Amino acid sequence: MPTVGRVTFAPVEGAADLFTPAFCDYLAHMHDAFAPRVTAAREARADAARSARRDLKLPASPPRSAITDEPWQVPPVPEDLRKPGIEITGPVSITPMFINALNPGPEGARAEGDLDDDEDSAGHRLVDTVRAAHNRTLAVRRELAYHDAERNRDYAVQDGPLPFFMHRERGLHLDEPEVTIGQKPVSAAILGTALTLFHAGRAQAEAGQGIYFYLPKMESATEAAFWRDFFAESQASLDHLRDAVIRGIPLVESLPAVYEMEEMLHALGPYAAGLNAARWDLKASILEFVMADPDMVWPDRFGVDVKTTDFLSNIFRRLVAVCLKHGAVAIGGMATALPSRDEAVNEAAAASIRADKEWEAAQGFTRGWVAHIFHMGVAAAPFKERSDSGWRPSAEMADPERYPIAIERPAGKITLEGTRRNLRTLIEYVEGWLGGRGAKGIDSLAGRPGLHPALMEDLATARISVAQTAQRIVHAAEDAETGEAHDLALIKRMLVAEQEDIVARLEKPDEATRERYQQAAKVTMQWIKNYTEYDFRSLGSYTRDDLAAIAAAPDAI
């Protein structure tokens, strides 16, 4: 294992070019300064989770203070972050996908922003993070290109202005075991953000660009203050950042963060720019916090729509109100539909996307996200049309107190069909994960009648699938029609049936593919079993060796 200064790292392709002596000195300094605060944040999270499980006690809003009662504004938000429209998102480590995201869609226009993701859609290996760091830097310099030898196809960034970059690193809950300092793994959040600030950040500063981050999996104002101080210390430590514009946008994707949106925005101080409504992870977080409550067993997640579920709508209206009140931008959720060869499927997807984005635009969101360039135009239009019309949010929409927080059980049925779709999603997703991909197009209704595009699923949708399945097992939830109760034996039978059906539908699968799907089913069993025991460990925390051991061991169920 190469060692530079105090930093030891796995010799993955491209790492030596990034882990220079200067970078390793900076990384070691940031590790020394901030690793204790990462540990403290994790301990606070664990305490909140234990309280929810043991006492059925949910998080709560902090006492009112000058932050909620006195007028204040975030620093002026850079003009590019105020653009109405859409951001394209996907794994930055998969080079052709990243290049496609930066280029125009089928209608000839680019997205306003690019969410280059090394978190929910990434593979969570050091090689992914290293490739992400290289790709970001090359993209800023317009030097990024890729040759697909198997397809004999070349990818290159086309001429014209690029979308602004929104970097998303892994969260504070994860370590990077392949990078150590003093034989201790480095926080994945510290490593990824340091790599971006040191390398791509230099290129962006030289080009006069703002350096923007989405801040995932945050749970409190204390964690927002962590990022404020991390950015400040980086600017003090790296000459090329001294005059750079750095901004952060927390993702509201954990239940505790819902109660501290105003406080988090304030705690970011000079680096605050806005908040993002992260739907799937928020639903998963809620399920984790209510997992032990028998009165909070959710219906099929596919029917729990933010637009029609009042308490979820209120959370995101409150998010918008916080942003409007303090001069920040509110960013909406993601349209996940992928293009189909069937034009009727595409038309149905476009209608659904437009309805979703019209709702977000009407609530006051500035932009949303989309998973594929094919649907960029239809997803961007509602935001642009509303802005161009001269519409402005009302004064009432800027009052967070109009939108109180109340966590409720959504309306809807519990069905085995909903559970089956969760399991199929998990098997397909984990199969992609074992192949090194953190995002995968999945049709959980494959073989069923009707129009249903494949959706770009990432770790967030896998997380809610496993959380909902585990919750149904914990409380022996019954199918609304048949009365059949969920238990581990039922889940195993369904898993095996879905795994076999998936493989049967593949066109000439080779032995390696068959084996990978079998391994995926075994990893899914373990992940679900862990959740039934209130172990909500992220899939991203498992090394590939860990997963191989699970696949080789007896079935967890």
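Preceding block: the structure.
Below, the structure is looked at part by part.

Thresholds, definitions, all that
Residues numbered from 1 in each chain as written. Predicted model: local features only at pLDDT ≥ 70, side-chain atom pairs only at ≥ 80, totals over all residues. Heavy atoms only, no water. Helix = DSSP H or I, 4+ residues; strand = E, 2+ residues; numbered from the N terminus. Pairing = 2+ DSSP bridges. Axes fitted to C-alpha atoms, helices over the stretch in contact; angles between N-to-C directions. Salt bridge = Lys/Arg side-chain N within 4 Å of Asp/Glu carboxyl O. Buried < 20%, exposed > 50% of the residue type's maximum accessible area, 1.4 Å probe, protein only. Phe/Tyr/Trp six-rings, centres within 6.5 Å; stacked < 30°, edge-to-face > 60°. Expected span 1.5 Å × (residues − 1). Contact = heavy atoms within 4.5 Å. Parallel < 35°, antiparallel > 145°, perpendicular 65-115°, else oblique. Left-handed = near helix turned anticlockwise from the far one by under 90°. Nonpolar A, V, L, I, M, F, W, Y, C, P; charged D, E, K, R; others polar.

1. Examining unusual backbone geometry
And then number 1: The phi dihedral of H124 is positive, around 60°, even though this residue is not glycine.
And then number 2: Summarising the element assignment, H124 is placed in the loop between β4 (113–117) and α5 (126–140).
And then number 3: The residue R142 is not glycine, and still its phi comes out positive at about 60°.

2. A few points about the sheet that holds strand β8 (residues 175–181)
And then number 1: Pairing within the open sheet is antiparallel, and its 4 strands lie in the order β1-β2-β8-β9. The open sheet terminates on both sides in strands that have one partner only, identified here as β1 (3–4) and β9 (184–187).
And then number 2: When β8 meets β9, the two strands line up antiparallel, connected through 4 bridges. From the neighbouring strand, D175 faces β9, where its bridge partner is S187.

3. Remarks on the sheet that holds β4
And then number 1: Taken in spatial order, the 8 strands line up as β3-β4-β7-β10-β11-β12-β13-β14 and close into a barrel, and their pairing is parallel. Averaged over all adjacent pairs, the angle separating strand axes in this sheet is 25°, with direction ignored.
And then number 2: Relative to strand β12 (residues 274–277), strand β11 (residues 246–252) is paired through 2 bridges, and the arrangement is parallel. Each residue of the ladder has a partner; that of V252, found in β12, is A277.

4. So, the pattern of salt bridges
And then number 1: Using the criterion set out here, one finds 52 salt bridges in the structure.
And then number 2: Across the pair R472 and D300 runs a salt bridge whose closest N-O atoms are separated by 2.7 Å. Of this pair, R472 sits in helix α15 (residues 459–474) while D300 sits in the loop between α10 (279–289) and α11 (310–326), and the two are 172 residues apart along the sequence. The pair formed by R472 and D300 is uniform in burial state, with each residue classed as buried.
And then number 3: By sharing partners, the salt bridges in this structure join D117, E119, D120, R168, K217, E253, D281, E288 and R463 into a single network.

5. A few points about the packing of aromatic side chains
And then number 1: Taken as a whole and judged by the stated rule, the model has 20 aromatic pairs.
And then number 2: Between F34 and F230, the ring centres sit 5.2 Å apart and the planes meet at 55°, which makes this aromatic pair tilted. Highlighted residues: F34 in helix α2 (residues 21–55) and F230 in helix α7 (residues 221–237), separated in sequence by 196 residues. Each member of the pair, F34 together with F230, is buried.

6. A look at α5
And then number 1: Here α5 is 15 residues long and its end C-alpha atoms lie 21 Å apart, about the 21 Å a rise of 1.5 Å per residue gives.
And then number 2: Counting buried residues along α5, 12 of its 15 residues qualify, which places the element largely inside the surrounding structure.
And then number 3: The elements touched by buried residues of α5 are α1 (15–18), α4 (95–102), β4, β7 (164–168), β8 and α6 (188–206).
And then number 4: Looking one or two residues past α5, R142 carries a phi angle of roughly 60°, positive in sign.

7. Quick word on the packing of α15 against helix α17 (residues 511–532)
And then number 1: Running from amino to carboxyl end, α15 crosses α17 at an angle of 60°, the nearest separation of the two axes being 8 Å. Accordingly, the angle class assigned to the pair α15 and α17 is oblique. You can see that α15 and α17 cross each other, and the crossing is right-handed. Across the interface between the two elements, L459, A462, R463, V466, A467, T469, A470, I473 and V474 of α15 pack against W527, I528, Y531 and T532 of α17.
And then number 2: Tallied by class, residues from the contact of α15 with α17 come to 10 nonpolar, 2 polar and 1 charged.

Read these as layout, nothing more, since geometry by itself doesn't imply function.
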